[in-house]
There are 2 protein chains.
Amino acid sequence: MSRSSRRDFLTSAAAGTTAATFWIPKKVYGYSRAHVTDLKASRGVSKWDLDTPALVLDLDKLEQNIAAMRGYLAGTKVGARPHAKTHKSADIAKLQLAAGAVGICTAKLSEAETLFAEGIQKICMTTANLGKAKIQRAMNLRKKNREFIQAVDYEPNARDLSDAAKAAGVTADVVVDVAVGTRSGIPAGDQALALAQLIDKLPNLRFRGMLAYDGGAQHIKGYKARHDQSLARSQDALKTFERMKASGLNAEIFSGGGTGTYNIMTKVPGYTDVQVGSYVFMDTQYLEIGNEKGDIFTDFAPSLTVMTTVVNTYFPKRMTTDAGTKALTLNKPDPIVIGEPGFRYTAGSDEFGSIQFDTANKTYKVGDKLELINPHCDPVVNLYDVFYGVRNDKVEAVWPVTARGKSQ
Amino acid sequence: MSRSSRRDFLTSAAAGTTAATFWIPKKVYGYSRAHVTDLKASRGVSKWDLDTPALVLDLDKLEQNIAAMRGYLAGTKVGARPHAKTHKSADIAKLQLAAGAVGICTAKLSEAETLFAEGIQKICMTTANLGKAKIQRAMNLRKKNREFIQAVDYEPNARDLSDAAKAAGVTADVVVDVAVGTRSGIPAGDQALALAQLIDKLPNLRFRGMLAYDGGAQHIKGYKARHDQSLARSQDALKTFERMKASGLNAEIFSGGGTGTYNIMTKVPGYTDVQVGSYVFMDTQYLEIGNEKGDIFTDFAPSLTVMTTVVNTYFPKRMTTDAGTKALTLNKPDPIVIGEPGFRYTAGSDEFGSIQFDTANKTYKVGDKLELINPHCDPVVNLYDVFYGVRNDKVEAVWPVTARGKSQ
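Residues numbered from 1 in each chain as written. Chains lettered and ligands numbered in written order. Predicted model: local features only at pLDDT ≥ 70, side-chain atom pairs only at ≥ 80, totals over all residues.

A. Representation of the overall build of chain A within the structure. Along the backbone of chain A there are 14 helices and 17 strands. In summary, chain A has a C-alpha radius of gyration of 22 Å against a globular reference of 22 Å for 408 residues, a match within 12%. Referenced to the eigenvectors of the C-alpha coordinate spread, the extents of chain A come out at roughly 70 × 45 × 40 Å. Counting all 408 residues of chain A, 57% fall into the buried class. Sequence-distant contacts in chain A: of pairs separated by 6 or more residues, those separated by 24 or more amount to 70%. (Helix = DSSP H or I, 4+ residues; strand = E, 2+ residues; numbered from the N terminus. Rg over C-alpha atoms; globule rule 2.2 N^0.38 Å. Buried ≥ 20, exposed ≤ 12 C-beta atoms within 10 Å, placed from the backbone. Contact = placed C-beta atoms within 7 Å.)

B. Just the relation of the copies chain A and chain B, in detail. For the match of chain A to chain B, the screw axis carries a shift of 0.0 Å, the RMSD comes to 0.0 Å, and the turn is 180°. Seen this way, the second copy is the image of the first under a two-fold rotation axis. Of every C-alpha in chain A, the one belonging to Leu330 of chain A sits nearest the axis of rotation, 3.0 Å from it. A high fraction, 100%, of the interface residues of chain A reappear at the interface in chain B, so the copies pair face to face through one surface. (Least-squares fit on C-alpha atoms with pLDDT ≥ 70 in both.)

C. The interface of chain A and chain B, seen in detail. Opposite the 49 residues of chain A that make contact, chain B presents 49 residues. Only α7 (132–144), β10 (304–312), β11 (318–321), α13 (325–328) and α14 (377–381) of chain A provide two or more residues apiece to the side of chain A that touches chain B. Taken together, the residues that form the side of chain A that touches chain B break down as 19 nonpolar, 20 polar and 10 charged. (Nonpolar A, V, L, I, M, F, W, Y, C, P; charged D, E, K, R; others polar.)

D. Broad picture of helix α11 (residues 235–246) of chain B. Residue and element names in this part refer to chain B. Over its 12 residues, α11 runs 16 Å from end to end, which matches the ideal 16 Å to within 8%, given 1.5 Å per residue. Taken together, the buried positions of α11 are occupied by Ala237, Thr240, Phe241 and Met244. Buried residues of α11, viewed axially, fall in a sector of 100°; they line one side. In this structure, α11 carries Gln235 and Ala246 as exposed residues pointing more than 90 degrees from its buried face. (Expected span 1.5 Å × (residues − 1). Arc of directions from axis to C-beta.)

E. View of the sheet that holds strand β8 (residues 253–256) of chain A. All names here are of chain A. An order of β2-β9-β8-β7-β6-β5-β4-β3 is seen for the eight strands of this open sheet, with the pairing classed as parallel. Of all the strands in the sheet, just β2 (79–80) and β3 (104–106) have a single pairing partner and so form its edges. Across two bridges, the pairing between β2 and strand β9 (residues 273–274) is parallel. By the bridge assignment, Ala80 is partnered in β9 with Val274. Relative to strand β6 (residues 172–177), helix α9 (residues 190–201) is tilted by about 175°, and along the sheet it contacts β5 (148–152), β6 and β7 (205–212). (Pairing = 2+ DSSP bridges. Axes fitted to C-alpha atoms, helices over the stretch in contact; angles between N-to-C directions.)

F. Geometry of the packing of helix α9 (residues 190–201) of chain B against α11 of chain B. Residue and element names in this part refer to chain B. Close contact between α9 and α11 brings their axes to 9 Å; oriented N to C, the two are set at 35°. The two elements α9 and α11 meet at a crossing, and its hand is right-handed. Across the interface between the two elements, Ala192, Leu193 and Ala196 of α9 pack against Thr240, Arg243 and Met244 of α11. Partitioned by chemical class, the residues of the contact of α9 with α11 number four nonpolar, one polar and one charged. (Left-handed = near helix turned anticlockwise from the far one by under 90°.)

G. Fine view of the nonpolar core. Judged by nonpolar contacts, the single largest core of 251 residues is most densely connected at Met210 and Tyr388 of chain A together with Met210 and Tyr388 of chain B. Ignoring sequence-local partners within four residues, the contact set of Met210 of chain B consists of Val175, Val176, Val178, Phe241, Met244, Ala251, Ile253 and Phe254 of chain B. (Core = buried A, V, L, I, M, F, W, Y, C linked by C-beta atoms within 7 Å.)

H. Layout of the pairing of strand β15 (residues 369–373) of chain B. Residues and elements named next belong to chain B. In terms of burial, β15 is a largely internal element, four of the five residues being buried. Looking at chain direction, strand β10 (residues 304–312) and β15 are connected through five bridges and run antiparallel. Across the sheet, Thr305 pairs through a bridge with Ile373, a residue of β15.

I. Region of interest: the domain arrangement of chain A. Residue and element names in this part refer to chain A. The domain architecture assigned to chain A consists of domain 1 (3–58 + 296–400) and domain 2 (60–283). A straight line from the C-alpha centre of domain 1 to that of domain 2 covers 30 Å. If you look at the interface, domain 1 gives 29 residues, while domain 2 gives 22 residues. Among the elements of the structure, β1 (54–58), α14 and β16 (386–391) are those that each provide at least two residues to the side of domain 1 that touches domain 2. Ranked by residues supplied to the side of domain 1 that touches domain 2, first place goes to α14 with three residues. The residue makeup of the side of domain 1 that touches domain 2, split by class, is 17 nonpolar, eight polar and four charged. (Domains from an automatic or database assignment.)

J. Looking closely at the pairing of strand β8 (residues 253–256) of chain B. All names here are of chain B. Neither face of β8 is exposed, since Ile253 and Ser255 on one face and Phe254 and Gly256 on the opposite face are all buried. Where strand β7 (residues 205–212) and β8 come together, four bridges link them in parallel fashion. Looking at β8, one finds that Leu211 is bridged to Ser255. In this sheet, strand β9 (residues 273–274) lies alongside β8 in parallel orientation, the contact comprising two bridges. In the strand pairing of β9, Gly256 is matched with Val274.

K. Here's a closer look at the sheet that holds strand β3 (residues 104–106) of chain B. Residue and element names in this part refer to chain B. The strand order across the open sheet formed by eight strands is β2-β9-β8-β7-β6-β5-β4-β3, and the pairing between neighbours is parallel. Whereas interior strands pair on both sides, the edge strands pair on one side only; in this sheet they are β2 (79–80) and β3. Pairing of strand β4 (residues 123–125) with strand β5 (residues 148–152) involves three bridges; the strand directions are parallel. Bridge pairing in β5 links Cys124 to Ile149. Against the sheet, α9 makes contact with β5, β6 (172–177) and β7, and its axis sits at roughly 175° relative to β6, the strand it touches most.

L. Geometry of the confidence of the model for chain A. All names here are of chain A. Looking at chain A, pLDDT values average 92 and 91% of them are 70 or higher. Here residues 7–36 is a poorly scored stretch, pLDDT under 50, and it has 52 contacts once near neighbours within four places are set aside; other chains count. Here the prediction assigns the complex a pTM of 0.92, and the interface score ipTM is 0.92. (pLDDT = per-residue confidence, 0-100.)

M. Quick look at unusual backbone geometry. A cis geometry characterises the amide bond from Thr52 of chain B onward to Pro53 of chain B, with omega recorded as -5°. Along the polypeptide, Pro53 of chain B turns up in the loop between α2 (39–42) and β1 (54–58). The amide bond that connects Lys332 of chain B to the next residue, Pro333 of chain B, takes the cis arrangement and shows omega of -5°. Within the secondary structure layout, Pro333 of chain B lies in the loop between α13 (325–328) and β12 (336–337). Positioned with a positive phi, Asp393 of chain A is a non-glycine residue whose angle comes to about 70°. The residue Asp393 of chain A is located in the loop between β16 and β17 (394–400) in this model. Phi angles above zero are rare outside glycine, and Met282 of chain B is one such case at about 65°. Of the residues examined, Met282 of chain B has 27 C-beta atoms within 10 Å and is grouped as buried.

N. Here's a closer look at the environment of Asp177 of chain A. As for its placement among the helices and strands, Asp177 of chain A is situated in strand β6. Sequence-distant contacts of Asp177 of chain A, that is, excluding residues within four places in its chain, are made with Thr126, Ala128, Ala151, Val152, Asp153, Ser184, Gly185, Ile186 and Leu211 of chain A.

O. Focus on the environment of Tyr286 of chain A. Residue and element names in this part refer to chain A. Secondary-structure assignment places Tyr286 in helix α12 (residues 284–287). Expressed as a C-alpha distance, the spacing of Tyr286 and Leu130, which sit 156 residues apart in the sequence, is 32 Å. If we skip the residues at most four places from it in the chain, Tyr286 touches Thr259, Gly260, Ser278 and Phe297.

P. Molecular detail of the environment of Val276 of chain A. Residue and element names in this part refer to chain A. Examined against the element boundaries, Val276 turns out to sit in the loop between β9 and α12. Spatially, the C-alpha atoms of Val276 and Ala84 are 9.0 Å apart, while their sequence positions differ by 192 residues. Sequence-distant contacts of Val276, that is, excluding residues within four places in its chain, are made with Met69, Ala80, Pro82, His83, Gly257, Gly258, Thr259 and Tyr262.

Dropping the structure here:
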């Protein structure tokens, strides 16, 4: 979308009026008190008074987004299996499960271990566990958690898993990860079918179905292009899934899709659930993709922002803030300063944000705060230890980023 | 430099033969045992057997780099005040101080607090503390640590600091941060001099000198261009420093420079120390800047690498690994695969690295490990909880990234 239309949108985004809202759950106060690290010091504090850079989560918008997804999917045969790689938060995973999610996904074993330790059981890991030590850890997790499912996309790995499951005295639940594109997963068709059949025969594995996540489809700009391309690209996976079913396999899971295709993949016959992640937070990347109504993706509200402080105003038509790469990543499009559509923010310096502008809505001085829409929620969240959960701009909860840094 | 010359360099980089080495300190075994988190499980393990992604630090190369810097500076009148924003590690700060550093720098107050808690006292914070709460924290730190110096670049902030110091019953040591460029600091000349004079008069501040860090100069490619431009750009700061001295101020510190200009800023009259950071680790950004001998910066050895695992080999002329944006950042130039000069690695996906190639030196299969030179050490280190310190590829120490995530 054009820079100006995105800017125009933001004033309303800041006012919280843009999310498609189906129902708003009863407000629950401090649902994660056990996890709070510095809530005592922060409760009731305005987000504008937090030390910066701070990761702020508008709880009303978060709940709106979860409700919007639930509301949309309720009219389909498809469920939500939200991806926790986005939020890495046990608190948010619990809200999603309470809102009817069939489970959550994790990208890494260490995420699964950490979230399980915080009480999350229905976990589907979307990548494979490779190597003896990691496979053994996966089986240890499976022993403790009967609802742990892991992905496989490689025949020797399936055999290793079965051997390790046998040694651990368990039958491990697995899904085949089928490639859509060339990044991850086994190619659709004969190879994927053969792997599924092997898994079905291996003594200590239980075949549960397949994953087919199309990472490249999520950010295709324009709803129609995204719709047509993602459905076309899903055809090989669909045919593979139908062959698995036809061959008598227990193909109970057919999972994929993301925030960009949550209302498209529901049209794929047999699809069971979407691995939506970013819908809870939104970011500048997703704002750009557009929806059925226009070139801004307004289906969900930007709930996740970063507070920053102006640290330098000496130089004309530019300012410096305290939120650079270590607070915002280098993802594009750049962060957006809420309320200042003329500001061009770059986070290219490690420690500093740079703002350039021709005009500003108000005069800023050193120490003033700004609120930013983050560029790409997944890696931004991974930089912080806590979310400051706010309602009406006041801190109500401080949630740990439970699996922060769990990249293994 | 050209891609191919960088590639040629890497084979030797991997062999550890490139650092200018003046003396190698006696090897110290496990100098940070108190901080070790999982050393018991990891000691003696080959870096090739670590779970991935893993941040690996070659201790021999680290020590070579620290020794090389010490050796060079020993022939000058300039000291080292290494910047801990790069490593965020109390262990490495201690090695630097043991090697004669006059102190360390931090970019943020939370870094200073965290490192002080681990026993580091000589800390100069290179940015200002803004806002009542943060200033009070800074004074609490000053109360406990007489060697804490903080930067100021704004008159109202100097007054706030003096008031808070008075309330805390201390005299706070401050330096004026003078701008080189338009990102941070007070403009050189009259404004900076006036601020220094104000500080000198304020009852509870002690003026110590000035900082003049030229962030933009560090990565200018080609030694001569970097030399000439950085010296030219330092002239206004130098004149300001001389005016401070001439006006009778206690201008005992004149600090700036970085890894790219460590052997250039020593030519600025009156310079007291260089705020070198990346020299301990190196990265693809610094490899590119060149030195007096050629277009590759070989003054220091790449000691910091990321181990990754091949997770997908199904598709021709490409592979996928488990180290993406969350393990490597999006900084450019891209990570380099040691030993495979033909590999083009991109970390553009959050969870996956993508390698494209025409030819490979050997055949890789799923589960194989690769070692990467990181693109930009500061934000990469900030993604990890620990460094695996290795000698001869075996783990000898596990050091926490003490101030990881301390962006406030």
